[in-house]
Amino acid sequence: MKVCHSITPIGEKHTDKDLAHQWNFIDWDKVKSDVNRLQTRIAKATQERKWNLVKRLCYLLTHSHSAKLLAVRIVTQNKGKRTPGIDGKLWNTASEKMGATLNLSDQQYRAQPLRRIYIPKPGKDTKRPISIPIMYDRAMQALYGLALQPIAETTADPRSFGFRLFRSAQDASEYAFLCLSKKSSAQWILEGDIKGCFDSIAHDWLMENIPMDRSILTQFLKAGFVFDEQLFPTDRGTPQGGIISPILANMALDGIEIVLNEKFTMMKVHFIRYADDFLVTSPTKEIAEEACEIIREFLSGRGLELSIEKTVITHIDDGFDFLGYNFRKYSRTLLIKPSKKSIESITNKIRTTIRIAKAWSQDVLIKTLNPIIRGWTNYHNHNVAADTFRKLDAYIWTATWQWGKRRHPNKGHKWIARKYWHSVGNRNWVFQSKENKLLQFSDAKIQRHSIPKLNMNPFLDRNYFLRRKDRMQKHTPWIQTKLSFFALPPVNG
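Values in this document were obtained by computation on a predicted structure and should not be read as measured data.

S.K.: Could you clarify how one ought to interpret the packing of helix α14 (residues 340-355) against helix α15 (residues 362-380) in this entry?
M.R.: When two helices pack together, their arrangement is captured by the angle between the axes and the distance separating the axes. Closest axis-to-axis distance for the α14/α15 pair is 10 Å, and the angle between their directions is 175°. Here α14 is positioned roughly antiparallel relative to α15, judged by the angle of their axes. On the side of α14, the interface is formed by Ser342, Ile343, Ile346, Lys349, Ile350, Thr353 and Ile354, while α15 contributes Leu365, Thr368, Leu369, Ile372, Trp376 and His380.

Structure (structure tokens):
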């Protein structure tokens, strides 16, 4: 096991070799345990509404060496680690990471403007703005996120599933099934979508209601962004791309469930939210309309509004889409299937991948397609998806056959078939190279998904979530339970 060596005092000179040695011999289990111990205390103090103690514990965490180490590790291991901010800097070496840890401080902290880029929305012609902080600001957001996450998890709406620890879109869909599947269940559904949620949250509300250092939060929110070499101010919202943004957005939306429960007691009104998408089940259309107005008023206090186009009221017999799933009752039986948009999205992705693979070897094509197939089946294999899986297998067979014919226009069909397709066991026509074989959608087993106990807290009931995670992974190794960088192992003992 690696040991944690003593750190050279900050006032002394650090060589790159010294810094690299310190980083490479950090005992990460101890670092995580130190941070987790403080996070658990923050969660307990939040649960007991001891806000002065929460404030002191958050200060201890954000100024601890272990939390700073972990914050730097977070931003140098996540998906954006190779995407620089406006300064063009990345922390790639061990010495750079250790040096960044020693320099991480809130003293005279000034956040730099974010680098704005636009990425296409899946299946749409529009683009989504992404704002990229510099590495130092990302580490500061991760550091303060470590302190804020236990508060957010403790105060969250129980039926909020997006950007939560040990929760997933599968949990949200399964809870919706429980609310709608019985003969006596609510028949009307309010499908809600919050217009530009991340970009529109009122800064005044965040400043008054988010329990963290106000000066630091101000820097996160007011940094501005650079696009086409021009600096633009940020007067509203929390930038998509910021590590702490999902936590802030969730905290701004928490409370809707309580308001609805107080208004509609014992009326089969259930609220289910995943990030800024939500459902409200209702026994009548009139109650759904009333719930819509209550939510609209709630959001206005936070500078938010419902999307007129995407917020609709639907009867369960007509069906509706939520998180890529389609919910609909057929002869009083509720079925959840992959939505048409989701099927169109995966077929487009497969078609685009194979189209650009004209010069690829079969092995490279298989290695590229397999994660796409595995990810989509993992997302949908707790639904009524077997028929869809078979149709997608037929689609991908046709697409790979066309790929083979384009690569060898002068060869006959039998030659192409013998080169790329083989018999494996009882199965013929297996698209296989010497090293890998193409997965089939229908290889995925259809099995029900179980939701976590909604009253459990990841920081106070961690052993429950870890046991649940291990149990689920034995049956479904693919499962992604949103184990973000804040989900740390439990403290031993």
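S.K.: How should the environment of Leu57 be read in this particular structure?
M.R.: Assignment of secondary structure puts Leu57 in helix α3 (residues 51-62). You can call Leu57 buried: its relative accessible area is 3%. Residues in contact with Leu57, not counting those within four places in the same chain, are Leu38, Arg41, Ile42 and Ala45.

S.K.: Teacher, can you tell me more about helix α7 (residues 169-180) here?
M.R.: Since there are 3.6 residues in each turn of an α-helix, residues three or four apart along the chain are aligned in direction. End to end, α7 covers 17 Å across 12 residues, agreeing with the expected 16 Å (1.5 Å per residue, within 8%). The element α7 is extensively covered by neighbouring structure, given that 11 of its 12 residues are classed as buried.

S.K.: Teacher, can you tell me more about the sheet that holds strand β6 (residues 270-274) here?
M.R.: Whenever strands of a sheet pair, they do so through backbone hydrogen bonds, lying parallel or antiparallel. Ordered in space as β6-β7-β3-β8, the four strands form an open sheet in which the pairing is antiparallel. Since the sheet does not close on itself, it has two edges, and those belong to β6 and β8 (312-315), each with one partner. Taken pair by pair, the neighbouring strands of this sheet meet at an average axis angle of 20°, ignoring direction. In this structure, strand β3 (residues 188-193) lies alongside strand β7 (residues 277-282), joined through six bridges in antiparallel fashion. Within the sheet, the bridge partner assigned to Leu190 lies in β7 and is Val280. Against the sheet, α7 engages β3, β6 and β7, with an angle of about 165° to β6.

S.K.: I keep staring at the confidence of the model for the protein chain and nothing clicks. Help me out?
M.R.: In regions of low pLDDT, the predicted coordinates are not meant to be interpreted in detail. For the protein chain, per-residue confidence averages 91 on the pLDDT scale, and 92% of positions sit at 70 or higher. Across residues 1-11 the pLDDT falls below 50, and counting only partners more than four positions away or on other chains, this stretch makes 24 contacts in the model. Every residue in residues 477-493 scores below 50 in pLDDT, and together they form 51 contacts with partners more than four places removed in sequence or on other chains.

S.K.: Even after reading the chapter, I still don't get the side chain of Asp171, so can you show me in this structure?
M.R.: Note on placement: Asp171 falls in helix α7. Look past the residues within four positions of Asp171 in its chain and what remains in contact with it is Phe161, Phe166, His449, Ser450, Ile451, Pro452 and Arg468.

S.K.: What am I meant to see in the pattern of salt bridges here?
M.R.: Close approach of charged atoms allows side chains of opposite charge to pair. For the coordinates displayed, the defined rule picks out 15 salt bridges. One salt bridge in this structure joins Asp34 and Arg37, with 3.4 Å as the shortest N-O distance. Taken together, the residues Asp34 and Arg37, both in helix α2 (residues 28-47) and three residues apart, mark about one turn of the helix. By relative accessible area, Asp34 is classed as partly exposed at 22%. What makes Arg37 partly exposed here is its relative accessible area of 43%.

S.K.: What is the right way to read unusual backbone geometry from this model?
M.R.: A negative phi angle characterises most non-glycine residues, just as the trans form characterises most peptide bonds. In this structure, Gln108 is a non-glycine residue whose phi angle is positive, near 50°. Here the phi dihedral of Glu229 falls at roughly 65°; this positive angle occurs in a residue that is not glycine. Checked against the element boundaries, Glu229 lands in the loop between β4 (225-227) and β5 (230-232). Owing to a relative accessible area of 80%, Glu229 belongs among the exposed residues under this scheme.

S.K.: Sorry, what's going on with the packing of α15 against helix α16 (residues 386-407) here?
M.R.: Contact pair α15 / α16: the axes reach a minimum separation of 13 Å and the direction vectors enclose 165°. With respect to each other, α15 and α16 are oriented roughly antiparallel. Here α15 and α16 pass one another in a crossing that is right-handed. Contacts between α15 and α16 involve Gln362, Leu365, Leu369, Ile373, Trp376, Thr377 and His380 from the first element and Thr388, Phe389, Leu392, Ile396 and Trp403 from the second.

S.K.: When you look at the nonpolar core in this model, what are you seeing that I'm missing?
M.R.: When a protein is soluble and globular, its nonpolar side chains tend to lie buried together. The biggest cluster of nonpolar side chains holds 82 residues, and the ones touching the most others in it are Leu148, Ile210, Met212, Leu260, Val280, Ile295 and Leu299. Sorting elements by how many residues they give to this core places helix α6 (residues 135-155) first, with 11 residues. Those residues in contact with Ile295 that sit more than four places away from it in its chain are Leu190, Ile256, Leu260, Phe271, Phe278, Val280 and Leu306. In this structure, Ile354, Ala385, Leu392 and Tyr420 belong to the second largest nonpolar core, which totals 24 residues.

Thresholds, definitions, all that
Residues numbered from 1 in each chain as written. Predicted model: local features only at pLDDT ≥ 70, side-chain atom pairs only at ≥ 80, totals over all residues. Heavy atoms only, no water. Axes fitted to C-alpha atoms, helices over the stretch in contact; angles between N-to-C directions. Helix = DSSP H or I, 4+ residues; strand = E, 2+ residues; numbered from the N terminus. Parallel < 35°, antiparallel > 145°, perpendicular 65-115°, else oblique. Contact = heavy atoms within 4.5 Å. Buried < 20%, exposed > 50% of the residue type's maximum accessible area, 1.4 Å probe, protein only. Expected span 1.5 Å × (residues − 1). Pairing = 2+ DSSP bridges. pLDDT = per-residue confidence, 0-100. Salt bridge = Lys/Arg side-chain N within 4 Å of Asp/Glu carboxyl O. Left-handed = near helix turned anticlockwise from the far one by under 90°. Core = buried A, V, L, I, M, F, W, Y, C linked by side-chain atoms within 4.5 Å.

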